[in-house]
Every structure is written in C-alpha cells, then in structure tokens.
Amino acid sequence: MQIGVFSVSDITRDPVTGRMPTEGERIKAAVAIARKVEEIGMDVYATGEHHNPPFYASSPTTLLGYIAAQTERIILSTATTLITTNDPVKIAEDFAMLQHLSGGRTDLVLGRGNTAPVYPWFGKNPQDSVDLTVENYNLLRQLWDNETVNWQGKFRTPLQNFTSTPRPLDGVAPFVWHGSIRTPQVAEIAAYFGDGFFANNIFWPKEHYMQLIGLYRERYEHYGHGSADQAIVGLGGQFFMRKNSQDAVNEFRPYFDNAPVYGHGPSMEDFTAQTPLTVGSPQEVLEKTLTFQEYFGDYQRQLFLIDHAGLPLKTVLEQLDLFGEYVLPELRRELDSRRPAHVPDGPTHARRAAAREASVSASAPVTSVG
C-alpha cells in the first residue's frame, strides 16, 4: 500500500489569525511538507494543477523537480494534470524529464479539472472536455510508447515523424492514474488502457465513488488486464487529528467553516458523517480509513488532503508527525495483511521496469550454440 498526501495548492487566509500567506510562502511550504512526508515514512507527495487564484500550482513538474532534488525515496505525483488544456506533447516531455531527474520516482493523475474558465484561457471549449480527454490521452500514449509518431486529430496541429524527448526512463512511461469524481467515461478510459483509477473520495458519500470504482473494475476485467479485484485503485481522504478528539474538533472547526471547498455549507459533524473526512484522535483516523477497503475493495494508494483551508505550516507538520507515529505503521500493516496475494501492490517504476525487462527477455529468440 502506498500512502501519502496531496495538495490542492490553495492560498487561503487563516481564519484564526487572519493572516494570508504569500504565494512564495505556500510554495516553500509545499517543499517542507514533501520533505516531512519522506521523513515520517510515507510514500507519495502529489500536487494539484491550477491556473487561477487563489491557487499557486500552475507548474507541477517544476515544483516536483525541485522536490526531487531534496528527497530520495518518495514518489512524486500530481493530484491533477489537466489532460484537456495541456498539450499532450508538453505533458509527455515534462514528465519524462521528471522521470529522469527523480530516478523514476514519478507518476501522474490525469483529469479534466473543475474550473470551466481555464478552457478558453488555453484556447479550448469546456463543452469538448470529454472529447479532449479521449483524444489527448490517445496521443500522449503514442508519444510515450512509440519512437516516431505520425498523428492527426481534431484539437491540435498534426505531427509528422515526431519524436518526444527525452524518451521515458528505461523505456517505461510514467504510470498514469485517471482521476474523476463524476465522469464514467474517465473510468472507461482507465480500464481500456489498464491504467490506474483515482477516486478523490473527499466530497461526496461513499456510494457515489463505489459506483465509479465498480464500473472501472468491471471494465478493467472486460478488457483483459486481470480480474476486477486486481484493478489499480487510488483513493483520497482527509483528516485533522489531535491526541484528544475534542481538541481536534475545536481546533479544526473554524478552518472547516471557512474552507473554500466546503465552508458555509454542511456542518462539520454532517460532513464527517457523510464523507471520508475524519476529525478526531489518531485512533479514529485509523479506524475510519480502514473502512475504505470494506467499501471499495483492495486498493493500492491512499492520499490525504491536509494542507488546505488556511492551516498554518506548523500545524500541518504536526499533523504529519502524529500520523507517522500513531497511524501510519498500523494502517500499512493492516491494509497489507488484508490484500490477497494475487492483488498487486502500488505501481513503482522499478517493478514496471523489471516486468518490461522480463517480458523482453521472454520474447527474445533462442539461438543455439555449436
């Protein structure tokens, strides 16, 4: 099981102190959080992509490349890479470059995004979002899988004898997760290619995500990639904890009430009852997270949102220390012990490169000597 954190990269005023962090402070905080993620033994740090205030992460690969130079072990990923408005050629080049710089510690979550105005900023129409997703991903796959690409589509200029550089590290493209909170077509794309499916799992009741993940698993098996329970699933989650449950509730309430994503809506009590958000003690965080496997089946990656809504960096780092000491060891042990032997662990570059090498060796012609 791969366990880590993701950020939506918001810049939000602290509702307790009234202080608004600068863009520079939030960017540097992201680096500090990623380093703490590695320090406590988590596996993944992921950042979102946005091109509008109040967010800072307009260039995820730049941020992740800087983090790669300051870490040694963690996987560097995205919470969303916009497959609809980014040029597939640039995605192919940027993430292959990040692969090389990080020694293979790179994957990405592709998504349509949730900000409609971004489409015209990049010369696209939001009504084309699903068609853009399909066309752009097909081109991205070709760019990574083929040395020379000749291609023509609807949404960008044709390519003739084009080679994307650098080539993927060890001939293995970065692993792709397809992220969705509402679109069945995205689950279908993930299943068709045998890629991962990441359900953000932070806003809506579990029944909604159970339907999307169930569809993905069914179609993954249909396309011959393995049994439904072998499909590669990732989940989001949220927590805020203190050793004493009531202290966590009291401290987090003003941040919840003013959060850009759900503030001024349902009460914190209603939201925690209906979604994966856990506000309480480390034991409560552990127990609720362990229920995800009961609802969604065995899965490979669990990411938590912890640095949003104006929470100061000091508090976020304290949250990670608590998680590393009281939650992470037992969560990893329990989830790994539940996973049947035939269900794969989370994808890594090393495993995928080894599998490719084994496949190449197995298909090589046998020559006799003498």
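Residues numbered from 1 in each chain as written. Predicted model: local features only at pLDDT ≥ 70, side-chain atom pairs only at ≥ 80, totals over all residues. Heavy atoms only, no water.

**Some words on the pattern of salt bridges**
Then, number 1: One pass over the structure, following the stated rule, counts 24 salt bridges.
Then, number 2: Glu 39 serves as the salt-bridge partner of Lys 36, at 3.1 Å between the closest nitrogen and oxygen. Of this pair, Lys 36 and Glu 39 both sit in helix H1 (residues 23–39), three residues apart, which is roughly one turn of that helix.
Then, number 3: According to the relative accessible area criterion, Lys 36 is buried, its value standing at 12%.
Then, number 4: With relative accessibility at 58%, the residue Glu 39 sits in the exposed group. (Salt bridge = Lys/Arg side-chain N within 4 Å of Asp/Glu carboxyl O. Helix = DSSP H or I, 4+ residues; strand = E, 2+ residues; numbered from the N terminus. Buried < 20%, exposed > 50% of the residue type's maximum accessible area, 1.4 Å probe, protein only.)

**Some details on the packing of aromatic side chains**
The relative placement of two aromatic rings is captured by the distance of their centres and the angle of their planes.
Then, number 1: In the structure shown here, the tally under the stated rule is twelve aromatic pairs.
Then, number 2: Ring centres 5.1 Å apart and planes at 85 degrees place the aromatic pair Tyr 192 and Tyr 223 in the edge-to-face group. Here Tyr 192, found in helix H6 (residues 184–193), pairs with Tyr 223, found in the loop between helix H7 (206–222) and strand S10 (233–235); they are 31 residues apart in sequence, far enough to count as distant.
Then, number 3: What makes Tyr 192 partly exposed here is its relative accessible area of 47%.
Then, number 4: Pairing Tyr 216 with Tyr 220 gives two aromatic rings, centres 5.8 Å apart and planes at 65 degrees, and the pair type is edge-to-face. Of this pair, Tyr 216 and Tyr 220 both sit in helix H7, four residues apart, which is roughly one turn of that helix.
Then, number 5: Relative accessible area serves as the criterion here: at 0%, Tyr 216 is assigned to the buried category.
Then, number 6: Put simply, the rings of Tyr 137, Tyr 192, Phe 193 and Tyr 223 pair up and form one aromatic cluster.
Then, number 7: Above the face of the Tyr 295 ring, Lys 206 is positioned so that its terminal group lies 4.8 Å from the ring centre. (Phe/Tyr/Trp six-rings, centres within 6.5 Å; stacked < 30°, edge-to-face > 60°. Lys NZ or Arg CZ within 6 Å of the ring centre and 35° of its normal.)

**Some words on the nonpolar core**
Then, number 1: If you look at the biggest cluster of nonpolar residues, it comprises 99 residues, and the most contacted ones within it are Met 42, Tyr 45, Tyr 216, Phe 252 and Phe 323.
Then, number 2: Of all the elements, helix H11 (residues 313–338) adds the most residues to this core, at eight residues.
Then, number 3: The residues touching Tyr 45, leaving out its near neighbours within four places in the chain, are Val 5, Ser 7, Ala 30, Ile 33, Ala 34, Tyr 56, Leu 64, Ile 67, Ile 74, Ile 75, Leu 76 and Ser 77.
Then, number 4: Formed by five residues, the second largest nonpolar core is a distinct cluster that contains Val 118, Tyr 119, Leu 132 and Phe 155. (Core = buried A, V, L, I, M, F, W, Y, C linked by side-chain atoms within 4.5 Å. Contact = heavy atoms within 4.5 Å.)

**Here we look at the pairing of strand S9 (residues 196–199)**
Walk down a regular strand and you will see the side chains alternate between the two sheet faces.
Then, number 1: Both faces of S9 are covered, namely the face carrying Gly 196 and Phe 198 and the face carrying Phe 197 and Ala 199.
Then, number 2: Looking at chain direction, strand S8 (residues 175–180) and S9 are connected through four bridges and run parallel. Considered in S9, the bridge of Gly 179 is made with Phe 198.
Then, number 3: Here three bridges tie S9 to S10, and the two strands are oriented parallel to one another. If you follow Phe 198 over to S10, its bridge partner there is Gly 234. (Pairing = 2+ DSSP bridges.)

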